[in-house]
Amino acid sequence: MKLFNGKMSKLLVLFFGCMLGIIFTFLSIALLVDVLVWMLTGSFDFKNGDLIKIIKIGCVIGTFTGAGVVTARLCKLKGC
């Protein structure tokens, strides 16, 4: 039972790591684009609604990515 709990905790950390990594990547891209637009036009329009939308999209894509990686680990596929 102890081995099962350790393996599941590692997979849970991997899942949340994938999800948070995707969210961080999407937020970084959005901020970079807004900074470039700010440098070109002089107006910085990064609203809270855009932030929430980016986080939601990142959660969905990160969940699919994390689930795929965890499933590959559970099935012991090569390369994961």
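A few points on the structure. Since the structure is predicted, the reported quantities are computational estimates derived from the model, not experimental observations. Here the residue numbers are simple positions, counted from 1 along each chain's written sequence. Local features in this predicted model are restricted to residues whose pLDDT is 70 or higher, and side-chain atom pairs enter the listing and the counts only when it is 80 or higher, whereas totals over whole chains, interfaces and linings include all residues. Hydrogens and waters are ignored; side-chain quantities use all the structure's heavy atoms.

1. Some details on the overall build of the chain
Runs of E in the DSSP output that reach at least two residues are strands. Runs of H or I that reach at least four are helices, and both are numbered from the N terminus. Within the chain, the secondary structure is distributed over two helices and zero strands. The C-alpha atoms of the chain give 17 Å as radius of gyration, which overshoots the globular expectation for 80 residues (12 Å, by more than 25%). By its C-alpha atoms, the chain is 60 × 25 × 15 Å across when sized along the principal axes. Accessibility here uses a 1.4 Å probe with only protein chains present; expressed as a share of the type maximum, an area under 20% marks a residue as buried, one over 50% as exposed, and anything in between as partly exposed. Looking at the chain residue by residue over its 80 residues, the buried ones come to 16%. Look at the contacts in the chain between residues 6 or more apart in sequence, and 75% of them connect residues 24 or more apart. Carbon and sulfur atoms form 75% of the exposed surface of the chain, whose accessible area is close to 6200 Å². Taken over C-alpha atoms, the radius of gyration is set against a globule rule of 2.2 Å times the number of residues to the power 0.38. Only heavy atoms matter for contacts: two residues are in contact if any of them lie within 4.5 Å across the pair. Using a 1.4 Å probe, accessible areas were evaluated by the Shrake-Rupley method; residue-level cover was limited to the displayed protein chains.

2. With respect to the packing of aromatic side chains
Each aromatic ring pair is described using two quantities: the centre-to-centre distance and the angle formed by the ring planes. Paired rings are identified among Phe, Tyr and Trp, the last through its six-membered ring, by centres lying within 6.5 Å, and are further divided according to the angle between planes into stacked (under 30 degrees), edge-to-face (over 60) and tilted (the rest). Under the definition given, this model contains three aromatic pairs. Their ring planes at 70° and their centres at 5.4 Å tell us that Phe-15 and Phe-16 sit as a pair that is edge-to-face. A residue is classified by how much of its surface remains accessible, and Phe-16, at 39% relative accessible area, is partly exposed. Ring geometry for Trp-38 and Phe-44: centres 6.1 Å apart, planes at 75°, overall edge-to-face. We classify Phe-44 as partly exposed; its relative accessible area is 41%.

3. Points about unusual backbone geometry
Even without a glycine there, the phi angle at Lys-76 is positive, about 60°. As for its position among the elements, Lys-76 is in the segment after helix H2 (48-74).

4. Quick word on a nonpolar patch on the surface
Two distance rules govern patches: like charges are joined within 9 Å, and nonpolar side chains (Val, Leu, Ile, Met, Phe, Trp, Tyr) within 5 Å, applied only to residues with over 30% relative accessible area and no salt bridge. Salt bridge, as used here: a side-chain nitrogen of Lys or Arg that lies within 4 Å of a carboxyl oxygen of Asp or Glu. A cluster of nonpolar side chains, namely Leu-31, Leu-32, Leu-36, Trp-38, Met-39 and Phe-44, defines an oily patch on the protein surface of about 640 Å² accessible area. Its location among the elements puts Leu-31 in helix H1 (residues 2-41).

5. Digging into H2
One less than the residue count of a helix, multiplied by 1.5 Å, gives the span that helix is expected to have. Under the 1.5 Å per step criterion, the end-to-end length of H2 is 38 Å for 27 residues, consistent within 8% with the ideal 39 Å. Considered for burial, the residues of H2 that qualify are Ile-54, Gly-58, Gly-62, Gly-66, Val-70 and Ala-72. Looking at the residues trailing H2, positive phi occurs at Lys-76, about 60°.

6. A word on the side chain of Asp-34
In this fold, Asp-34 is placed in helix H1. For Asp-34, which is buried and forms no salt bridge, the nearest opposite charge comes from Lys-47, at a distance of 9.5 Å. Setting aside its immediate chain neighbours within four residues, Asp-34 contacts Phe-44, Asp-45 and Phe-46. In summary, the charge assignment counts Lys and Arg as positive and Asp and Glu as negative, without counting His or the chain termini.

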